[in-house]
Amino acid sequence: SKSLSDEENLKLFGKCNNPNGHGHNYKVTVTVRGEIDPVSGMVINLTDLKHYMQEAIMEPLDHKNLDKDVPYFADVVSTTENVAVFIWDNLKKLLPTGLLYKVQVCETDQNVVVYKGEETTTR
């Protein structure tokens, strides 16, 4: 965090506090909810959802240094929580209103963030 000293960053972020950055292979799960279309049997066409996910997640984030390559993270600490918020905000702009229910971002098997708009929980 640019707003913390080197010592404060080390204390707060531990081994993730690396001045040269470090990588993650995030796993993202997007959950939608709504009425099931009686003809297709789907809440949203999966081809459309994949397209929205490509645009909202893969294009801006895949193989990027979040802190250097993604303008959103220039002033926002690139925690998994904030990655989930970024994805939520991007998807919400693309999906039909009210369809987006939950974004889950797994940093590791033990570090998982679930974001549902204003409600955030971690496990």
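On a predicted model such as this, the values are computed, not experimentally measured, just so you know.

Enquirer: Hey, could you go over the overall build of the protein for me, with residue numbers and the actual values?
Expert: Counting its secondary structure elements, the protein contains 4 helices and 4 strands. For the protein, the α and β elements follow one another from N to C terminus as α-β-α-α-α-β-β-β. Among the 123 residues that make up the protein, the fraction classed as buried is 27%. Long-range pairs, those at least 24 residues apart, make up 49% of the contacts in the protein with a sequence separation of at least 6.

Enquirer: Explain helix α4 (residues 80-94) residue by residue, including any values.
Expert: One turn of an α-helix holds 3.6 residues; hence residues three or four places apart share an orientation. The first and last C-alpha atoms of α4 sit 21 Å apart over 15 residues, in line with the 21 Å expected at 1.5 Å per residue. On the buried face of α4, the contacting elements are β1 (27-32), α2 (46-61), α3 (66-69), β2 (100-106) and β3 (112-116).

Enquirer: Talk me through the environment of Leu49; I want residue IDs and the actual numbers.
Expert: Relative to the helices and strands, Leu49 is located in helix α2. Along the primary structure Leu49 and Leu94 are separated by 45 residues, whereas in three dimensions their C-alpha atoms are 9.4 Å apart. Beyond its immediate chain neighbours, meaning those up to four positions away, Leu49 contacts Val32, Ile44 and Leu95.

Enquirer: Can you lay out the packing of aromatic side chains for me, pointing to particular residues and giving the numbers?
Expert: Taken as a whole and assessed by the stated rule, the structure comprises 4 aromatic pairs. Arranged with centres 4.9 Å apart and planes meeting at 85 degrees, the rings of Tyr72 and Phe73 form a pair that is edge-to-face. Residue class for Tyr72 comes out partly exposed when judged on its relative accessible area of 30%. Judged by its relative accessible area of 3%, Phe73 falls in the buried class. Measuring from ring centre to ring centre gives 5.6 Å for Trp88 and Tyr115, while their planes differ by 90 degrees; the resulting arrangement is edge-to-face.

Enquirer: Please provide a residue-by-residue account of the environment of Asp109, values included.
Expert: Looking at the element boundaries, Asp109 is found in the loop between β2 and β3. Along the sequence, Asp109 and Lys27 sit 82 residues apart, while their C-alpha atoms lie 9.6 Å from each other.

Enquirer: Describe the environment of Tyr52, and please don't skip the residues or the numbers.
Expert: Residue placement: Tyr52 occurs in helix α2. Sequence separation of Tyr52 and Leu94 is 42 residues, and the distance between their C-alpha atoms is 6.4 Å. With residues up to four places along the chain from it excluded, the contact list for Tyr52 reads Ile44, Leu91, Leu94 and Leu95.

Enquirer: Please set out unusual backbone geometry residue by residue, giving values where relevant.
Expert: Phi at His63 is positive, roughly 55 degrees, even though this residue is not glycine. Mapped onto the elements, His63 comes out in the loop between α2 and α3.

The rules behind these values
Once a new chain begins, its residue numbering starts again from 1 and follows that chain's sequence as written. At least 70 in pLDDT is required for a residue's local features to be given in this predicted model, at least 80 for side-chain atom pairs to be given and counted, and no such filter applies to totals for whole chains, interfaces and linings, which use all residues. To obtain the side-chain values, all non-hydrogen atoms of the structure were used and water was disregarded. Elements are defined by DSSP. Helices are runs of H or I of four residues or more, strands are runs of E of two residues or more, and each kind is numbered from the N terminus. The cut-offs for exposure are 20% and 50% of the maximum accessible area for each residue type, with area from a 1.4 Å probe on protein chains only; residues under the lower value are buried, those over the upper are exposed, and the others partly exposed. Two residues qualify as a contact provided that any one of their heavy atoms is within 4.5 Å of a heavy atom in the partner residue. The span expected for a helix works out to 1.5 Å for each residue beyond the first. Centre distance within 6.5 Å is the pairing criterion for rings of Phe, Tyr and Trp, where only the six-membered ring of Trp is used; planes under 30 degrees apart are then read as stacked, over 60 as edge-to-face, and the remainder as tilted.

Everything listed is a geometric property; what it means functionally is a separate question.
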